[in-house]
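Now for the letters of each chain:
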Amino acid sequence: MRIRFTKMQGAGNDFVVLDETRGRLHLSPRQYQWLADRHFGVGADQVLSVRPAPDEGVDFEYVIHNADGGEVEHCGNGARCFVRYVREHGLTDKRTIRVRTVNQVIELSERPDGRVTVDMGPPVFDLAAVPFDPAGLAPHHEGGWQVWKLALGTRAEAPIVAVAVLSMGNPHAVLEVADVDAAPVTTQGPLIEHHPRFPRRVNAGFMQVLDRGNIRLRVWERGAGETLACGTGACAAVVAGIRLGRLDAKVDVQTHGGLLTIEWAGGDAPVRMTGPAATVFEGEIEIPE
(Lines give C-alpha, C1' and ligand atoms only; values in the text may rest on other atoms or scores of the structure.)
Protein backbone atom coordinates (compact mmCIF):
# COMPACT_ATOMS: atom_id res chain seq x y z
CA MET A 1 0.00 0.00 0.00
CA ARG A 2 1.33 3.44 -0.98
CA ILE A 3 0.44 6.37 1.27
CA ARG A 4 1.16 10.09 1.52
CA PHE A 5 2.66 11.49 4.70
CA THR A 6 4.01 14.72 6.19
CA LYS A 7 7.07 14.83 8.44
CA MET A 8 6.78 17.47 11.19
CA GLN A 9 8.60 18.44 14.36
CA GLY A 10 7.85 20.39 17.53
CA ALA A 11 10.94 21.33 19.54
CA GLY A 12 12.75 18.42 17.92
CA ASN A 13 10.08 15.86 18.85
CA ASP A 14 9.39 14.48 15.36
CA PHE A 15 6.29 12.97 13.80
CA VAL A 16 4.88 11.30 10.73
CA VAL A 17 1.41 12.81 10.14
CA LEU A 18 -1.25 10.91 8.19
CA ASP A 19 -4.47 12.39 6.76
CA GLU A 20 -7.31 9.95 7.39
CA THR A 21 -10.12 12.49 6.99
CA ARG A 22 -11.18 10.93 3.66
CA GLY A 23 -10.86 7.31 4.74
CA ARG A 24 -9.12 5.10 7.27
CA LEU A 25 -5.81 3.50 6.33
CA HIS A 26 -6.33 0.63 8.81
CA LEU A 27 -2.63 0.29 9.57
CA SER A 28 -1.47 -2.46 11.92
CA PRO A 29 0.81 -1.86 14.93
CA ARG A 30 3.67 -3.37 12.90
CA GLN A 31 3.05 -0.89 10.07
CA TYR A 32 3.04 2.07 12.47
CA GLN A 33 6.29 0.71 13.90
CA TRP A 34 7.74 0.38 10.40
CA LEU A 35 6.79 3.99 9.51
CA ALA A 36 8.52 5.27 12.65
CA ASP A 37 11.67 3.22 12.05
CA ARG A 38 14.57 5.53 11.21
CA HIS A 39 16.36 2.95 9.05
CA PHE A 40 13.58 1.26 7.08
CA GLY A 41 10.68 3.75 7.26
CA VAL A 42 10.33 7.53 7.48
CA GLY A 43 11.54 7.85 11.07
CA ALA A 44 9.65 9.49 13.94
CA ASP A 45 9.04 9.46 17.67
CA GLN A 46 5.29 9.09 17.04
CA VAL A 47 2.85 8.66 14.15
CA LEU A 48 -0.12 11.06 14.28
CA SER A 49 -3.41 10.40 12.48
CA VAL A 50 -5.88 13.15 11.58
CA ARG A 51 -9.39 11.71 11.52
CA PRO A 52 -12.88 13.24 11.15
CA ALA A 53 -14.70 14.52 14.22
CA PRO A 54 -16.23 11.52 16.00
CA ASP A 55 -18.96 13.61 17.64
CA GLU A 56 -20.37 17.14 17.87
CA GLY A 57 -18.41 19.84 19.65
CA VAL A 58 -15.01 18.80 18.28
CA ASP A 59 -13.30 19.47 14.95
CA PHE A 60 -11.16 16.34 14.54
CA GLU A 61 -10.06 13.10 16.17
CA TYR A 62 -6.36 13.00 17.11
CA VAL A 63 -4.82 9.51 17.24
CA ILE A 64 -1.24 8.84 18.37
CA HIS A 65 0.92 5.75 17.92
CA ASN A 66 4.35 5.47 19.50
CA ALA A 67 7.44 4.28 17.66
CA ASP A 68 6.82 0.78 19.03
CA GLY A 69 3.44 0.69 17.26
CA GLY A 70 1.32 1.01 20.39
CA GLU A 71 -1.49 3.57 20.65
CA VAL A 72 -1.09 6.15 23.44
CA GLU A 73 -3.32 8.72 25.08
CA HIS A 74 -1.63 12.06 24.48
CA CYS A 75 1.32 13.89 22.94
CA GLY A 76 1.63 17.63 23.53
CA ASN A 77 4.29 18.40 20.94
CA GLY A 78 2.30 16.36 18.45
CA ALA A 79 -0.82 18.39 19.28
CA ARG A 80 0.96 21.57 18.22
CA CYS A 81 1.95 19.93 14.93
CA PHE A 82 -1.62 18.70 14.53
CA VAL A 83 -3.14 22.20 14.41
CA ARG A 84 -0.38 23.44 12.10
CA TYR A 85 -1.02 20.47 9.78
CA VAL A 86 -4.80 20.87 9.47
CA ARG A 87 -4.43 24.59 8.74
CA GLU A 88 -1.62 24.17 6.20
CA HIS A 89 -3.53 21.41 4.38
CA GLY A 90 -6.79 23.35 4.17
CA LEU A 91 -8.71 21.03 6.48
CA THR A 92 -9.83 24.04 8.56
CA ASP A 93 -9.44 27.81 8.56
CA LYS A 94 -9.93 28.10 12.32
CA ARG A 95 -7.02 29.31 14.45
CA THR A 96 -8.43 27.47 17.47
CA ILE A 97 -9.71 23.90 17.19
CA ARG A 98 -10.95 21.24 19.57
CA VAL A 99 -9.84 17.64 19.08
CA ARG A 100 -10.73 14.37 20.73
CA THR A 101 -7.98 12.04 21.88
CA VAL A 102 -8.53 8.55 23.19
CA ASN A 103 -9.47 9.85 26.66
CA GLN A 104 -10.18 13.62 26.54
CA VAL A 105 -10.90 16.72 24.47
CA ILE A 106 -8.15 19.33 24.12
CA GLU A 107 -8.05 22.81 22.58
CA LEU A 108 -5.25 23.89 20.22
CA SER A 109 -4.58 27.50 19.14
CA GLU A 110 -2.16 28.83 16.53
CA ARG A 111 -0.81 32.23 17.60
CA PRO A 112 0.00 35.16 15.29
CA ASP A 113 3.73 34.68 16.00
CA GLY A 114 3.55 31.13 14.62
CA ARG A 115 3.86 29.38 17.95
CA VAL A 116 1.04 27.12 19.10
CA THR A 117 -0.66 27.00 22.49
CA VAL A 118 -2.30 23.79 23.66
CA ASP A 119 -4.84 23.59 26.47
CA MET A 120 -3.62 20.30 27.90
CA GLY A 121 -6.45 19.96 30.40
CA PRO A 122 -6.00 19.71 34.17
CA PRO A 123 -3.40 17.36 35.66
CA VAL A 124 -4.66 14.16 37.28
CA PHE A 125 -3.34 13.27 40.73
CA ASP A 126 -5.56 10.30 41.56
CA LEU A 127 -3.03 7.47 41.68
CA ALA A 128 -5.48 4.82 40.47
CA ALA A 129 -6.22 6.96 37.40
CA VAL A 130 -2.53 7.47 36.51
CA PRO A 131 -2.34 4.41 37.05
CA PHE A 132 0.16 3.86 39.89
CA ASP A 133 0.10 1.16 42.58
CA PRO A 134 1.25 2.59 45.96
CA ALA A 135 0.40 -0.52 48.00
CA GLY A 136 2.92 -0.99 50.81
CA LEU A 137 4.74 2.29 50.10
CA ALA A 138 4.89 5.30 52.40
CA PRO A 139 4.96 8.67 50.61
CA HIS A 140 7.56 11.31 51.47
CA HIS A 141 5.88 14.70 51.85
CA GLU A 142 7.46 17.76 50.27
CA GLY A 143 6.01 21.26 49.86
CA GLY A 144 2.43 20.13 50.42
CA TRP A 145 2.66 17.19 48.03
CA GLN A 146 4.38 13.81 48.00
CA VAL A 147 7.04 11.79 46.25
CA TRP A 148 7.38 8.02 46.17
CA LYS A 149 10.63 6.10 46.60
CA LEU A 150 11.02 3.25 44.12
CA ALA A 151 13.74 0.61 43.98
CA LEU A 152 14.86 0.07 40.38
CA GLY A 153 15.42 -3.64 40.66
CA THR A 154 15.30 -6.45 43.20
CA ARG A 155 18.96 -6.58 44.18
CA ALA A 156 20.05 -5.00 47.46
CA GLU A 157 22.28 -2.55 45.59
CA ALA A 158 19.52 -1.45 43.16
CA PRO A 159 19.25 2.35 42.93
CA ILE A 160 16.32 4.05 44.67
CA VAL A 161 14.68 7.08 43.06
CA ALA A 162 12.12 9.52 44.47
CA VAL A 163 9.42 10.29 41.91
CA ALA A 164 6.40 12.56 41.77
CA VAL A 165 3.51 10.75 40.06
CA LEU A 166 0.73 12.29 37.97
CA SER A 167 -1.06 12.06 34.65
CA MET A 168 -1.32 14.61 31.85
CA GLY A 169 -3.65 12.32 29.94
CA ASN A 170 -0.77 9.84 30.02
CA PRO A 171 1.27 8.63 33.02
CA HIS A 172 4.38 10.48 34.24
CA ALA A 173 7.01 9.97 36.93
CA VAL A 174 9.12 13.08 37.58
CA LEU A 175 12.40 13.08 39.50
CA GLU A 176 14.59 16.04 40.32
CA VAL A 177 18.29 15.86 39.42
CA ALA A 178 21.20 18.19 40.13
CA ASP A 179 22.54 18.14 36.57
CA VAL A 180 20.31 16.97 33.72
CA ASP A 181 23.30 16.44 31.42
CA ALA A 182 24.73 13.88 33.84
CA ALA A 183 21.38 12.27 34.69
CA PRO A 184 21.16 8.49 34.06
CA VAL A 185 18.30 8.89 31.58
CA THR A 186 19.23 5.99 29.30
CA THR A 187 19.86 3.55 32.15
CA GLN A 188 17.24 4.48 34.75
CA GLY A 189 14.63 5.68 32.23
CA PRO A 190 13.78 2.17 30.95
CA LEU A 191 13.71 0.80 34.50
CA ILE A 192 11.22 3.47 35.57
CA GLU A 193 9.17 3.02 32.38
CA HIS A 194 8.72 -0.69 33.07
CA HIS A 195 8.50 -0.50 36.88
CA PRO A 196 5.77 -2.87 38.12
CA ARG A 197 4.17 -0.03 40.10
CA PHE A 198 3.04 1.39 36.74
CA PRO A 199 0.77 -1.23 35.14
CA ARG A 200 0.54 0.70 31.85
CA ARG A 201 4.20 1.76 31.94
CA VAL A 202 5.19 5.41 32.45
CA ASN A 203 7.12 8.35 30.97
CA ALA A 204 10.14 9.23 33.11
CA GLY A 205 11.11 12.91 33.41
CA PHE A 206 14.49 14.07 34.74
CA MET A 207 14.15 17.71 35.87
CA GLN A 208 16.86 20.18 36.85
CA VAL A 209 15.49 23.32 38.53
CA LEU A 210 17.50 26.41 37.57
CA ASP A 211 15.29 28.94 39.36
CA ARG A 212 11.57 29.40 40.03
CA GLY A 213 10.84 30.22 36.40
CA ASN A 214 13.25 27.96 34.52
CA ILE A 215 14.02 24.26 34.36
CA ARG A 216 15.99 21.91 32.13
CA LEU A 217 14.38 18.61 31.23
CA ARG A 218 15.09 15.27 29.62
CA VAL A 219 12.36 12.64 29.20
CA TRP A 220 12.49 8.92 28.59
CA GLU A 221 9.19 8.39 26.76
CA ARG A 222 7.15 5.25 27.13
CA GLY A 223 7.49 3.24 23.93
CA ALA A 224 9.85 5.72 22.27
CA GLY A 225 12.95 6.11 24.47
CA GLU A 226 14.60 9.48 25.03
CA THR A 227 13.29 12.18 22.71
CA LEU A 228 14.50 15.73 22.06
CA ALA A 229 11.38 17.10 23.76
CA CYS A 230 8.19 15.79 25.35
CA GLY A 231 5.24 18.17 25.70
CA THR A 232 3.25 16.23 28.26
CA GLY A 233 6.52 15.54 30.08
CA ALA A 234 7.25 19.28 30.26
CA CYS A 235 3.76 19.89 31.63
CA ALA A 236 4.12 17.09 34.18
CA ALA A 237 7.53 18.36 35.33
CA VAL A 238 6.28 21.92 35.83
CA VAL A 239 3.14 20.79 37.66
CA ALA A 240 5.25 18.56 39.91
CA GLY A 241 7.70 21.41 40.56
CA ILE A 242 4.86 23.79 41.45
CA ARG A 243 3.22 21.32 43.82
CA LEU A 244 6.56 20.55 45.47
CA GLY A 245 7.12 24.28 46.05
CA ARG A 246 10.05 24.62 43.63
CA LEU A 247 8.45 26.62 40.78
CA ASP A 248 6.16 29.54 40.00
CA ALA A 249 3.01 29.41 37.87
CA LYS A 250 4.79 30.15 34.55
CA VAL A 251 7.95 28.26 33.65
CA ASP A 252 10.25 28.07 30.63
CA VAL A 253 11.35 24.50 29.99
CA GLN A 254 14.66 24.00 28.19
CA THR A 255 14.80 20.72 26.28
CA HIS A 256 17.42 19.45 23.84
CA GLY A 257 14.99 20.29 21.04
CA GLY A 258 14.00 23.82 22.07
CA LEU A 259 12.06 25.97 24.51
CA LEU A 260 8.55 25.27 25.78
CA THR A 261 6.55 27.61 28.03
CA ILE A 262 4.24 25.95 30.57
CA GLU A 263 1.60 27.72 32.68
CA TRP A 264 -0.55 26.29 35.47
CA ALA A 265 -2.63 28.23 38.01
CA GLY A 266 -3.08 25.23 40.29
CA GLY A 267 -6.05 23.15 41.38
CA ASP A 268 -8.38 22.09 38.57
CA ALA A 269 -7.03 24.73 36.17
CA PRO A 270 -5.84 23.44 32.80
CA VAL A 271 -2.14 23.33 31.97
CA ARG A 272 -1.24 25.50 28.97
CA MET A 273 1.78 24.74 26.82
CA THR A 274 3.21 27.06 24.15
CA GLY A 275 5.94 26.13 21.70
CA PRO A 276 6.98 25.75 18.05
CA ALA A 277 5.63 23.44 15.34
CA ALA A 278 7.02 23.08 11.81
CA THR A 279 6.69 20.99 8.66
CA VAL A 280 9.94 19.30 7.64
CA PHE A 281 8.96 17.61 4.35
CA GLU A 282 6.21 15.68 2.59
CA GLY A 283 6.34 12.49 0.60
CA GLU A 284 4.91 9.14 -0.42
CA ILE A 285 6.03 5.72 0.75
CA GLU A 286 5.17 2.10 0.05
CA ILE A 287 4.24 0.31 3.28
CA PRO A 288 4.86 -3.43 3.47
CA GLU A 289 1.89 -5.63 4.39
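Use the structure listed above.
Computed from a prediction, not measured in an experiment: that's the story for all the values here.

Definitions and cut-offs
- Residues numbered from 1 in each chain as written.
- Predicted model: local features only at pLDDT ≥ 70, side-chain atom pairs only at ≥ 80, totals over all residues.
- Heavy atoms only, no water.
- Helix = DSSP H or I, 4+ residues; strand = E, 2+ residues; numbered from the N terminus.
- Rg over C-alpha atoms; globule rule 2.2 N^0.38 Å.
- Buried < 20%, exposed > 50% of the residue type's maximum accessible area, 1.4 Å probe, protein only.
- Contact = heavy atoms within 4.5 Å.
- Areas by Shrake-Rupley, 256 points an atom, 1.4 Å probe, with all protein chains shown as cover.
- Lys, Arg positive; Asp, Glu negative; His and termini not counted.
- Charge placed at Lys NZ, Arg CZ, Asp CG, Glu CD.
- Core = buried A, V, L, I, M, F, W, Y, C linked by side-chain atoms within 4.5 Å.
- Salt bridge = Lys/Arg side-chain N within 4 Å of Asp/Glu carboxyl O.
- Pairing = 2+ DSSP bridges.
- Phe/Tyr/Trp six-rings, centres within 6.5 Å; stacked < 30°, edge-to-face > 60°.
- Lys NZ or Arg CZ within 6 Å of the ring centre and 35° of its normal.

A.B. asks: Explain the overall build of the protein to me, please; I cannot follow it from the model alone.
C.D. replies: A count of helices and strands for the protein gives four helices and 19 strands. Taken over the C-alpha trace, the protein has a radius of gyration of 18 Å; the compact-globule value for 289 residues is 19 Å, and the two agree within 12%. By the burial criterion, 53% of the 289 residues in the protein qualify as buried. When contacts within the protein are restricted to residue pairs at least 6 apart in sequence, those whose partners lie at least 24 apart make up 60%. Roughly 12,200 Å² of accessible area belongs to the protein as shown, and the carbon and sulfur atoms make up 49% of that amount. Measuring between centres, the 30 positive side-chain charges of the protein sit 1 Å from its 37 negative side-chain charges.

A.B. asks: Looking at this structure, I do not really get the nonpolar core. What am I missing?
C.D. replies: As a rule of thumb, soluble globular proteins bury nonpolar side chains together. Counting residues in each nonpolar core, the largest one holds 54 residues, and the members touching the most others are Tyr62, Phe82, Leu108, Val253 and Ile262. With eight residues, helix H4 (residues 231-243) is the largest single contributor of residues to this core. Residues in contact with leucine 108, not counting those within four places in the same chain, are Ala79, Phe82, Val83, Arg95, Thr96, Ile97, Val99, Thr117 and Val118. Phe132, Val180, Val202 and Ala204 belong to the second largest nonpolar core, which has 21 residues in total.

A.B. asks: What is the right way to look at the pattern of salt bridges in this model?
C.D. replies: Enumeration according to the criterion identifies 25 salt bridges in this entry. Taking the shortest distance from any N to any O, the salt bridge between arginine 22 and aspartate 19 comes out at 2.9 Å. A salt bridge links arginine 200 to glutamate 73; the shortest N-O distance between them is 2.9 Å. Taken together, the positions of arginine 200 in the loop between helix H3 (185-193) and strand S13 (203-211) and glutamate 73 in the loop between strand S5 (71-72) and helix H2 (76-88) put the pair 127 residues apart, joining distant regions of the chain.

A.B. asks: Just checking my understanding: could you explain the pairing of strand S1 (residues 2-10) for this structure?
C.D. replies: Consecutive side chains along a regular strand alternate between the two faces of the sheet. With eight bridges joining them, S1 and strand S19 (residues 278-286) adopt antiparallel strand pairing. Among the inter-strand pairings, glutamine 9 is bridged to a residue of S19, identified as alanine 278. The pairing of S1 with strand S2 (residues 13-19) spans five bridges and is classified as antiparallel. Directly across from methionine 8, in S2, lies its bridge partner phenylalanine 15. Linkage of S1 to S2, two consecutive antiparallel strands, is achieved through a turn of two residues, within which alanine 11 is found at a positive phi near 55 degrees.

A.B. asks: What am I meant to see in the environment of glycine 169 here?
C.D. replies: You can see glycine 169 is positioned in the loop between strand S11 (160-167) and strand S12 (171-176). Sequence spacing of glycine 169 and valine 102 is 67 residues, and the spatial spacing of their C-alpha atoms is 9.1 Å. Apart from residues lying up to four places away in sequence, glycine 169 is in contact with Glu73, His74, Asn103 and Gln104.

A.B. asks: Honestly, the environment of arginine 87 in this entry has me stumped. Any pointers?
C.D. replies: Mapping arginine 87 onto the fold places it in helix H2. According to the relative accessible area criterion, arginine 87 is partly exposed, its value standing at 23%. In this structure, the C-alpha to C-alpha distance between arginine 87 and leucine 150, residues 63 residues apart in sequence, is 44 Å. If we skip the residues at most four places from it in the chain, arginine 87 touches Thr92, Asp93, Lys94, Arg95 and Glu110.

A.B. asks: Is there a simple way to think about the packing of aromatic side chains in this case?
C.D. replies: How two aromatic rings sit relative to each other is set out by the distance from centre to centre and by the angle between their planes. The final tally for this structure, using the stated rule, is seven aromatic pairs. Pairing phenylalanine 125 with tryptophan 264 gives two aromatic rings, centres 6.1 Å apart and planes at 55 degrees, and the pair type is tilted. Highlighted residues: phenylalanine 125 in the loop between strand S8 (116-119) and strand S9 (140-142) and tryptophan 264 in the loop between strand S17 (258-263) and strand S18 (272-275), separated in sequence by 139 residues. A ring pair is formed by phenylalanine 132 and phenylalanine 198, whose centres lie 5.0 Å apart and whose planes are at 45 degrees; its orientation type is tilted. Taken together, the residues phenylalanine 132 in the loop between S8 and S9 and phenylalanine 198 in the loop between H3 and S13 connect sequence positions 66 residues apart. Ring pairs connect the aromatic residues Phe60, Tyr62 and Phe82, which therefore count as one cluster. Positioned above the aromatic ring of phenylalanine 125 is the side chain of arginine 243, whose terminal nitrogen or guanidinium carbon lies 4.4 Å from the ring centre.

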